[in-house]
Amino acid sequence: MKSKRKFWLLFPAFVSVLLFAFLPLIQIAIPTFQSPKGFLYLYTTFLKNTYNLQVIGRTFLIAIITMIVVLLLGIPISLWIARQNSKLRSVLTVLILFPMLTNAVVRNFAWIIILGHNGIINKALIDLHLISQPINILYTDTAIIIGSVYLFLPIMIISLVGSISELNIEIEEAACILGANPWINLIKITIPQLVSGILTGCILVFAGAMTAYTTPQILGGNKNLVMSTLIYQQAMTLGNWQTASVIAIILIVISALSMLSLKKASHMLDRRPDSNA
């Protein structure tokens, strides 16, 4: 009886996911295999194009760099926040999450002001006599990465703070007593215990950076297309919905395979004992 109750409780959610997630995906995928020239003709044609491969490579590289930078920034910030008292930790968590309450378009337009030729960064570099004329930061891959890091850093921090709060600090203290310096303690004691939180944060950041549209469109412009902006261009500008569907399916496959690879790598790195053993 309990299993039947669980089934009926989950049934509405299952039907909703099936109707609003998988069914539209199937409707997008079916036309991509209906070319009269072959089952996979549209995919092979798309992947043979050098420019399309450059867009795929740029998307993947931006997502990987964003994930790595966010992870490197997120670990020390999360450690510092998690080690504060409960009241201060709550305040800091609210401050971390506060930018997420602002619309992504507004935040990206703020970065245009910061990264532009007459922006804060260029003015500061000129005033410090580090450069003689403004450098091009806006509408480059660098601008997309900066905007993506700012966008996804709170997600990584929140994912890690929960894991760090559950750590047994006595293990770190014991390592210090035995002569481990702070770096050894961090790399060999703390980080291995955070594999689950790191995995969760990396998957969320990578998937978000791979599929993000607003940040690449506003900060990257039309010259630095990623797969999401290429989909928009094909569908809304050129009216080529079939090619847009091909790109969407390829993006989903690449994202899924990458996340499975991250999950497999995390299991290889996770040295915690198996609870089921």
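Definitions and cut-offs
Residues numbered from 1 in each chain as written. Predicted model: local features only at pLDDT ≥ 70, side-chain atom pairs only at ≥ 80, totals over all residues. Heavy atoms only, no water. Helix = DSSP H or I, 4+ residues; strand = E, 2+ residues; numbered from the N terminus. Buried < 20%, exposed > 50% of the residue type's maximum accessible area, 1.4 Å probe, protein only. Contact = heavy atoms within 4.5 Å. Areas by Shrake-Rupley, 256 points an atom, 1.4 Å probe, with all protein chains shown as cover. Lys, Arg positive; Asp, Glu negative; His and termini not counted. Charge placed at Lys NZ, Arg CZ, Asp CG, Glu CD. Salt bridge = Lys/Arg side-chain N within 4 Å of Asp/Glu carboxyl O. Core = buried A, V, L, I, M, F, W, Y, C linked by side-chain atoms within 4.5 Å. Phe/Tyr/Trp six-rings, centres within 6.5 Å; stacked < 30°, edge-to-face > 60°.

K.L.:
Explain the overall build of the protein residue by residue, including any values.
P.N.:
Across its full length, the protein carries 13 helices and zero strands. When the elements of the protein are put in sequence order from the N terminus, they spell out α-α-α-α-α-α-α-α-α-α-α-α-α. Across its three principal directions, the C-alpha atoms of the protein cover 75 × 70 × 30 Å. Considering the protein as a whole, with its 277 residues, one finds that 37% of them fall into the buried category. Of all intrachain contacts in the protein linking residues separated by at least 6 positions in sequence, the fraction that spans at least 24 positions is 70%. Of the roughly 17,200 Å² of accessible surface on the protein, 69% is carried by carbon and sulfur atoms. For the protein, the distance from the average position of its 18 positive side-chain charges to the average position of its 8 negative side-chain charges is 15 Å.

K.L.:
Explain the pattern of salt bridges to me, using residue names and the numbers behind them.
P.N.:
Using the criterion set out here, one finds one salt bridge in the structure. Arg58 is the salt-bridge partner of Asp141, the closest N and O atoms lying 3.5 Å from each other. Placement of Asp141 in helix 7 (residues 141–165) and of Arg58 in helix 3 (residues 50–82) is noted, with a sequence separation of 83 residues between them. On the accessibility criterion, Asp141 (28% relative accessible area) is partly exposed.

K.L.:
Account for the nonpolar core, with residues named and values stated.
P.N.:
With 49 residues, the main nonpolar core has Phe46, Met156, Ile164, Ile198, Met227 and Ile250 as its most contacted residues. Those elements giving two or more residues to this core turn out to be helix 2 (41–48), helix 3, helix 7, helix 10 (195–211), helix 12 (227–237) and helix 13 (241–269). In contact with Ile198, other than residues within four places in its own chain, are Leu71, Ile75, Leu160 and Ile191. Formed by eight residues, the second largest nonpolar core is a distinct cluster that contains Trp111, Leu115, Leu138 and Ile218.

K.L.:
How would you explain the packing of aromatic side chains if you had to name every residue and give the values?
P.N.:
All told, the structure shown has five aromatic pairs when counted by the stated rule. Measuring from centroid to centroid gives 5.7 Å for Trp111 and Tyr150, while their planes differ by 75°, and the two rings are edge-to-face. Linking Trp111 in helix 5 (residues 104–115) with Tyr150 in helix 7, this pair joins segments that are 39 residues apart in sequence. Residue class for Trp111 comes out buried when judged on its relative accessible area of 17%. Chaining the aromatic ring pairs together yields one cluster made of Phe33, Phe39 and Tyr43.

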